[in-house]
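Fold and geometry: a report
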Amino acid sequence: EKDDSGLALGFTLEQMADIVYGQLRAIGLLEKLAPVILVVGHGSKSANNPYFASYGCGACSGRPGDANARALCTMGNNPEVRDIIFRKYGFLFPDQTVFVAAIHDT
């Protein structure tokens, strides 16, 4: 989908499928899926600390990783994304498998 100026708004379903499958493949989670896949971002809380950003996620530019965890779970729970993953990669999610986002406050 694009906005009035022609800029893309978010990922396409095909891109989401590639992201979800790529993440599962990268961590070796393509066999024997549990009913719940917990995707945990990390971050921390601090007061009066000039080094606060160093406690966040390096992959998230020093910010907490909870937004990325929620995004991956939203994509992974989408039935259309799962259908594309099955058609493109032959990977079938068990019906009971759900992605749940969390954050670990270090």
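Summary of the structure given here. Being a predicted model, the structure only gives us computed values, none of them experimental.

1. Looking at helix α2 (residues 66-76)
Within α2, burial applies to A69, L72, C73, M75 and G76. For α2, the angular spread of the buried residues around the axis is 160°, confining them to a single face. If you follow the buried residues of α2, they end up packed against α1 (13-26), β1 (36-43), α3 (79-89) and β2 (98-105).

2. Topic: the pairing of β1
Burial of the side chains of β1 is restricted to one face: I37, V39, G41 and G43 are buried, whereas none of V36, L38, V40 and H42 on the reverse face is. Bridging between β1 and β2 involves eight bridges; their strand directions are parallel. The partner of G41 across the bridge, within β2, is I103.

3. Description of the side chain of T97
Considering the arrangement of structural elements, one finds T97 in the loop between α3 and β2. In contact with T97, not counting residues within four places along its chain, are L33, A34, P35, I37 and R82.

4. A look at the packing of aromatic side chains
Tallying each qualifying case throughout the model produces four aromatic pairs. Consider the rings of Y21 and Y89, whose centres lie 3.9 Å apart with planes at 5°: the pair is stacked. Of this pair, Y21 sits in helix α1 while Y89 is found in helix α3, placing the two residues 68 residues apart along the sequence. Measuring from ring centre to ring centre gives 5.0 Å for F91 and F93, while their planes differ by 85°; the resulting arrangement is edge-to-face. Each member of the pair F91 and F93 is classed as buried. An aromatic cluster is present here, built from Y21, Y89, F91, F93 and F99 joined pairwise through their rings. One residue, R82, lies across the ring of F93, its end atom 4.5 Å from the ring centre.

5. Structural notes on the packing of α1 against α3
The geometry of α1 relative to α3 is characterised by a closest axis approach of 9 Å and an angle of 70° between their N-to-C directions. The angle between α1 and α3 places the two elements in the roughly perpendicular class. Here L13, E14, M16, A17, D18, V20 and Y21 of α1 come into contact with α3, specifically with E80, V81, I84, I85, K88 and Y89. For the contact of α1 with α3, a count of residues per class yields nine nonpolar, no polar and four charged.

The rules behind these values
Residues numbered from 1 in each chain as written. Predicted model: local features only at pLDDT ≥ 70, side-chain atom pairs only at ≥ 80, totals over all residues. Heavy atoms only, no water. Buried < 20%, exposed > 50% of the residue type's maximum accessible area, 1.4 Å probe, protein only. Helix = DSSP H or I, 4+ residues; strand = E, 2+ residues; numbered from the N terminus. Arc of directions from axis to C-beta. Contact = heavy atoms within 4.5 Å. Pairing = 2+ DSSP bridges. Phe/Tyr/Trp six-rings, centres within 6.5 Å; stacked < 30°, edge-to-face > 60°. Lys NZ or Arg CZ within 6 Å of the ring centre and 35° of its normal. Axes fitted to C-alpha atoms, helices over the stretch in contact; angles between N-to-C directions. Parallel < 35°, antiparallel > 145°, perpendicular 65-115°, else oblique. Nonpolar A, V, L, I, M, F, W, Y, C, P; charged D, E, K, R; others polar.

Limitation: the analysis is restricted to geometry and does not speak to function.
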